[in-house]
Amino acid sequence: MEYLKQLNEPQALAVQTIEGPVMIIAGAGSGKTRVLTYRIAYLIEHGVDPFNILALTFTNKAAKEMKERIAKVVGTTEARNLYMGTFHSVFSKILRAEHEKIGFPANFTIYDSDDSKNLIKTIVIEMGLDDKMYKPNIVQHKISSAKNSLINSIAYKMNQEIQMDDLEARRPKIGSIYEKYTNRCFKASAMDFDDLLLKTYELFHKHPEVLHKYQHRFKFVMVDEFQDTNSAQYAIIKQLSALYQNICVVGDDAQSIYAFRGADIGNILNFKKDYPELKTYKLEQNYRSTKNIVSAANSVIGKNKNQLEKSVWTSNSDGNKIQVIKAITDNEEGNFVAQSIFGYRQNNQAANKDFAILYRTNIQSRAMEEALRRLNIPYRVYGGLSFYQRREIKDILCYLRLCVNHNDEEALKRIINYPTRGIGKSTLDKIIIASAEHDISVWEVLESIKTLDTGISPSVAKKVDEFKQMITGFETVVQQKNAFDAASFIASNSGLLKDLFNDKTPEGVNRYDNVQELLNGIKEFTVNSTNHKDGNALPRYMEDIALITDADKDEDDEKDRVTLMTIHASKGLEFPYVFVVGLEENLFPSQLSINSRDELEEERRLFYVAITRAMIQLTFSYAQSRFKYGNLIHSDPSRFLHEVDENYLDFSNAGSMQRTFLGKKTESEGLNLNSYSIPAHSHLKKVSIASKSTIKGDPVGLFKAGLEVQHARFGKGKIVSIDGNGDNKMATIQFEKDGPKKLLLKFAKLQVIRD
DNA sequence: CCAAAGATTGTCACA
DNA sequence: CAATCTTTGG
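Structural notes, computed from the coordinates. Treat the numbers as computed from the prediction; the structure is a model and nothing was measured.

Definitions and cut-offs
Residues numbered from 1 in each chain as written. Chains lettered and ligands numbered in written order. Predicted model: local features only at pLDDT ≥ 70, side-chain atom pairs only at ≥ 80, totals over all residues. Heavy atoms only, no water. Near = heavy atom within 4 Å. Polar contact = N/O pair within 3.5 Å; in protein donor to acceptor, adjacent residues only side chain to side chain. Nonpolar A, V, L, I, M, F, W, Y, C, P; charged D, E, K, R; others polar. Helix = DSSP H or I, 4+ residues; strand = E, 2+ residues; numbered from the N terminus. Salt bridge = Lys/Arg side-chain N within 4 Å of Asp/Glu carboxyl O. Buried < 20%, exposed > 50% of the residue type's maximum accessible area, 1.4 Å probe, protein only. Pairing = 2+ DSSP bridges. Axes fitted to C-alpha atoms, helices over the stretch in contact; angles between N-to-C directions. Contact = heavy atoms within 4.5 Å. Parallel < 35°, antiparallel > 145°, perpendicular 65-115°, else oblique.

**Remarks on the protein's contact with DNA strand C**
The full set of residues close to DNA strand C is Lys-121, Arg-366, Tyr-629 and Gly-630. For DNA strand C, the backbone makes up 30% of the atoms found within 4 Å of the protein, where backbone means sugar plus phosphate. Contacts to DNA strand C include Lys-121, whose side-chain N or O atom sits 3.1 Å from a phosphate oxygen. Classifying every residue of the surface near DNA strand C gives one nonpolar, one polar and two charged.

**Description of the protein's contact with DNA strand B**
By nearness alone, 26 residues border DNA strand B, and Arg-360, Ser-426, Thr-427, Thr-549 and Leu-592 come closest of all. The sugar-phosphate share of atoms of DNA strand B within 4 Å of the protein amounts to 42%. Contacts to DNA strand B include Asn-362, whose side-chain N or O atom sits 3.1 Å from a phosphate oxygen. The dominant element in the surface near DNA strand B, judged by the number of residues it contributes, is helix H22 (residues 425–437), at three residues. Grouping the constituent residues of the surface near DNA strand B by class yields six nonpolar, 15 polar and five charged.

**Quick look at the pattern of salt bridges**
This structure, assessed with the given rule, holds 36 salt bridges. Taking the shortest distance from any N to any O, the salt bridge between Glu-126 and Arg-184 comes out at 2.9 Å. Remark: Arg-184 occurs in helix H11 (residues 174–187) and Glu-126 occurs in helix H7 (residues 113–126); sequence separation between them is 58 residues. Ionic pairing is found between Arg-597 and Glu-601, a salt bridge with its closest N-O pair at 3.9 Å.

**As for unusual backbone geometry**
Put simply, Tyr-418 and Pro-419 share a cis peptide bond, and its omega is -5 degrees. Structurally, Pro-419 is set in the loop between helix H21 (409–415) and H22. Following Phe-588, the chain continues into Pro-589 via a peptide bond in cis, with omega recorded as 5 degrees. Inspection of the secondary structure assignment puts Pro-589 in the loop between strand S13 (575–580) and helix H30 (597–611). You will see that Leu-150, though not glycine, has its phi angle at about 65 degrees, which is positive. Of note, the phi angle at Tyr-629 is positive, near 50 degrees, even though the residue is not glycine. Relative to the helices and strands, Tyr-629 is located in the loop between strand S14 (614–628) and strand S15 (631–634). The exposure class assigned to Tyr-629 is exposed, which follows from its relative accessible area of 80%.

**A few points about the pairing of strand S7 (residues 247–251)**
Judged by how many residues are buried, S7 sits mostly within the fold: five of five residues are covered. Going residue by residue along S7, you find Ile-247, Val-249 and Gly-251 tucked away on one face and Cys-248 and Val-250 tucked away on the opposite face as well. Bridge analysis of strand S1 (residues 22–26) against S7 gives four bridges, and the strand direction is parallel. Each bridged residue has a counterpart across the sheet, and for Ile-24 the counterpart in S7 is Val-250. As paired elements, strand S6 (residues 220–223) and S7 share three bridges and run parallel to each other.

**Considering the sheet that holds strand S3 (residues 83–86)**
Overall, parallel pairing links the six strands, which are arranged S3-S2-S6-S7-S1-S8 in an open sheet. With one partner strand each, in any of the chains shown, S3 and strand S8 (279–283) form the two edges of the open sheet. Averaged over all adjacent pairs, the angle separating strand axes in this sheet is 15 degrees, with direction ignored. Sheet strands touched by helix H5 (residues 87–97): strand S2 (53–57), S3 and S6. Its angle to S3, the strand with the most contacts, is close to 115 degrees.

**Description of the packing of helix H17 (residues 291–301) against H30**
The N-to-C vectors of H17 and H30 enclose an angle of 175 degrees; their axes lie 9 Å apart at closest approach. Between H17 and H30, the angle is such that the two are roughly antiparallel. Here Ile-293, Ala-297, Val-300 and Ile-301 of H17 come into contact with H30, specifically with Arg-604, Arg-605, Phe-607, Tyr-608 and Ile-611. Across the contact of H17 with H30, the residue classes tally to seven nonpolar, no polar and two charged.

**Considering helix H10 (residues 160–168)**
Residue Asn-159 occupies the N-cap position of H10, its side-chain oxygen lying 2.9 Å from the main-chain nitrogen of Glu-161. With its phi angle positive at about 60 degrees, Arg-170 sits one or two positions after the end of H10.

Here is the structure:
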């Protein structure tokens, strides 16, 4: 019990309260992971069998890390028997084990959201509906939220309220699409992410004996990041812990940032109502950040109405104020941030990996990357297009998927004509129609392509049959070989590898390399799991891979690089130096959120998460204009900037970084935005780099009403107003000689005289 | 059936 | 802008 001495009072109480419902409200940086780890260790040391502990985490990586930490306290053997993982991975395992009860085969495919969207798109077209009204994204979102609220397609269609809502939204057919989608998934032996929860709930609901089994198995249930659970997840943990009531949830309502994908902050806010016996512990001491940072964060989150009462404090030193950087464009913002990192790094002996640049949207990484590259600062971008979503990776995975599960319709559609083998869209359509007519899976159509009346010509039918035989051949290989050998065999014998190899464009070479990387990953899996029964076979790899994300890949984290990620992805992490960039209205808070109080509060919580990632120094930045859809648009500073108590902010750099931009614009050498002076009290040294213009093309967005300008033909004039967007931006100018004129800024070649 | 040109659309976060 | 979808001509 040596470790109990490392804990403060509420932490120690939380660790030692092991029976009955417990809620741990863990403020940012309050040692949550430590408490979770020790609590599990404490359970085990008090005689609880690790087999009886279920711990649900937000990411696979979190589960893995926690397991390692627990292993250090209680030993590897004990730790290995813990049941730990994400909701999705834990429940997909249970569903595979209990597959007979739900009528699915054990080898069901997990459709990712692209697969779901494609299927929805197909169904909408097949039903002859207006695809403007029934956009895949919208329909998918509707189906997903229904599933997250435990409403299956039958209940959906019977629910009067929902039907009315859909009718009002002029989308009355959503229920029918949902129903067809469900049937189609079933026929394809596939589940989407939401099904993993919904079907688990239904399994437990319909089969009490199964529920009972797992209730006894998991006598102690712990849930991390409870603020981000949705109704389905909550319902399931309630089912599981109903018997023993040993349920411990850990979270921070102030960090609930996933409502957009169905997370219900009400789960944590109302938890006590469901468990009156609840013991609540609040971890309020922050060990991570300086006083300035903690106070700034508190001043922000205080603006939210909907929250549990708590006061986060720290005994750390005051630290520096939060630097605020103002830039003219997004590119300039990138330069300032990069230079700032350069300066901090030199003056504070900081390493690259001490820095993080956090942004609201992934696209913002580009300007940052360019600037970092220019200063030779190594970085790593997290998130963005996932490795597993890349075309070439998805292609090969679909081959593997089809080998493991013939019925996988989305996989079949994707690869039946890639590499091209003369089976085009019309043929595919005929196959799908036949599968609907005979109520058989698409694969079964292929099996009897020669006898069914599909309208496919014999010559094409022959090609289809050849494809079918190729896959059947692969299947034999899968059964006989380990995962790596089977995957390699399929990659080359499908022609896919050759197709990529023949593409000598840089992208083609890259794709080829990516496939090699995937195969290396499979190799690693094969080597690592040879001691497991059947663990080296492809089907097991496929089960794993569907729920793995890039964040789970433990890529050489040791490399000394600056971290670039979205704020969402940064949850749970900490960095000595943090830059929160793009603090502009309509970007952060996002324009989609500003019309609803709840959504705005979520954005504010997101801002809170961003602030609380920083340990030593926090920097905010914003640009006055940035490119969006190829147009330079004007941006106002974020309202969040004004919500931070100004006692904790340092605006001195915000002013000094402004250059007389417009005044310099006319010089033929181009722009030099890359040198600025830094106040004496700052850590930063003056940094100057030579670099080309940060603005691409004409900065037409920078003209404003009131400017005095010079035109080559019309002479001097004053801008009255600006209309239109992007290339069509037009200025009404009152010229001294020729009176008012309307000119396209793109062509006018105006020079600014004075503003 | 296919490649290339043209049109459209979207970008908010993710298991 | 860039990725994706649609149209068009061979």
